[in-house]
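# Chains, contacts and geometry: an overview
Now for the letters of each chain:
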Amino acid sequence: MANSQHLALRDALVALLLAGPPVFAGRVYANRDYKLAADAPSGVWAYRDDSTPTRGPMMTSPIDWVTRFRVVVKARTAGAVSAETAADTAATEAYARIMSQPFFAATVSDVEAGPITWQQDDAETAVAQCELEFLVQHRTSNNLLT
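Within every chain, residues take consecutive numbers counted from 1 along the sequence as written. This being a predicted model, a pLDDT of at least 70 is required before a residue's local features are given, and a value of 80 or more before pairs of side-chain atoms are given or counted; all residues contribute to the totals for chains, interfaces and linings. Side-chain numbers here rest on the full set of heavy atoms in the structure, without hydrogens or water.

## As for the packing of aromatic side chains
Filter applied, for reference: Only Phe, Tyr and Trp rings are paired, with Trp represented by its six-membered ring, and only when their centres lie within 6.5 Å; those with planes under 30 degrees apart are stacked, over 60 edge-to-face, the remainder tilted. Under the DSSP-based scheme used, a helix requires at least four consecutive residues in state H or I and a strand at least two consecutive residues in state E, with every element numbered from the N terminus. A simple rule labels every residue: compare its accessible area, found with a 1.4 Å probe on the protein chains alone, to the largest value its type can have, and call it buried under 20%, exposed over 50%, or partly exposed in between. Cation placement over rings: the criterion is NZ of Lys or CZ of Arg within 6 Å of the ring centroid and within 35° of the ring normal.
A full pass over the atoms with the stated rule returns two aromatic pairs. For the ring pair Tyr29 and Trp45, a centre distance of 5.6 Å and an interplane angle of 35 degrees mean the geometry is tilted. With Tyr29 in strand S1 (residues 28–30) and Trp45 in strand S2 (residues 42–55), this pair connects stretches of sequence that are 16 residues apart. Residue classification places Trp45 among the buried residues on the basis of a relative accessible area of 2%. Above the plane of the ring of Tyr47 lies Arg70, whose end atom (NZ or CZ) is 4.6 Å from the centre.

Below you can see the structure in the form of structure tokens.
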């Protein structure tokens with residue numbers, strides 16, 4: 001059975017972040033719990049959050065989707081570089097990669113930046129987090145998600 005185009009787009013987003021040199025030395029994960037391991041200096045996680053369809057003028061028309069993807073960056077203080085600076089640097093790189101490749105998959109017609117949120121980990125002040133949202137427009141046939 002085929003996976004949905006939505007999952008394929010999330011996987012293409014991860015591949016874009018892993019393209020050389022990968023953000024955070026390859027510590028890029030898809031749809032996993034985003035707790036930063038005690039021995040890891042940083043990590044990036046990609047999620048597909050939701051997708052809104054827009055039907056064409058006829059019932060048999062293709063469906064245009066706006067799918068919201070979230071990229072979460074977490075970083076730990078390392079030497080003289082604060083967690084906030086490390087997370088911001090990696091988030092800036094992730095944002096640039098995604099926005100400079102708006103057609104990162106054949107079915108993508110546009111990528112729009114969404115909100116960005118920053119926060120310090122309350123349990124551990126040496127860890128900072130930045131969440132980036134992207135709204136990706138793409139199209140499927142009227143009766144398939146592929």
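The structure having been displayed, the exposition proceeds.
## Regarding the nonpolar core
Counted only if it meets this: Here, the term nonpolar core denotes a set of buried Ala, Val, Leu, Ile, Met, Phe, Trp, Tyr and Cys residues that are joined through side-chain atoms within 4.5 Å. Two residues qualify as a contact provided that any one of their heavy atoms is within 4.5 Å of a heavy atom in the partner residue.
Counting 31 residues, the largest nonpolar core has Leu17, Val44, Val71, Val73, Ile98 and Phe104 as its most contacted members. Contributing elements (two or more residues each) for this core: helix H1 (5–18), S2, strand S3 (63–76), helix H2 (83–100), strand S4 (108–120) and strand S5 (127–140). Take this core: its biggest share by element is seven residues, from H2. In contact with Ile98, other than residues within four places in its own chain, are Leu13, Leu16, Leu17, Val71, Val111 and Phe134. Formed by six residues, the second largest nonpolar core is a distinct cluster that contains Leu36, Ala40, Trp45 and Val127.

## Some points on the environment of Arg70
Condition: A 3.5 Å cut-off defines polar contacts: any pair of N or O atoms within that distance qualifies, except that in protein one atom must be a possible hydrogen donor and the other a possible acceptor, and neighbouring residues in sequence count only when both atoms are side-chain atoms.
Tracing the sequence through the fold places Arg70 in strand S3. Relative accessible area serves as the criterion here: at 15%, Arg70 is assigned to the buried category. Here the alpha-carbon distance between Arg70 and Arg10, two residues 60 residues apart in the chain, equals 9.5 Å. If we skip the residues at most four places from it in the chain, Arg70 touches Tyr34, Trp45, Ala46, Tyr47, Asp49, Glu131, Leu132 and Glu133. In terms of polar contacts, Arg70 uses its side chain to reach the side chain of Asp49, at 2.8 Å.

## Things to note about unusual backbone geometry
Residue Pro21 is reached from Gly20 by a cis peptide bond, and omega for that bond is -20 degrees. When you line up the elements, Pro21 lands in the loop between H1 and S1. Backbone geometry places Asn31, a non-glycine residue, at a positive phi of 55 degrees. Take Asn31: it is sitting in the loop between S1 and S2.

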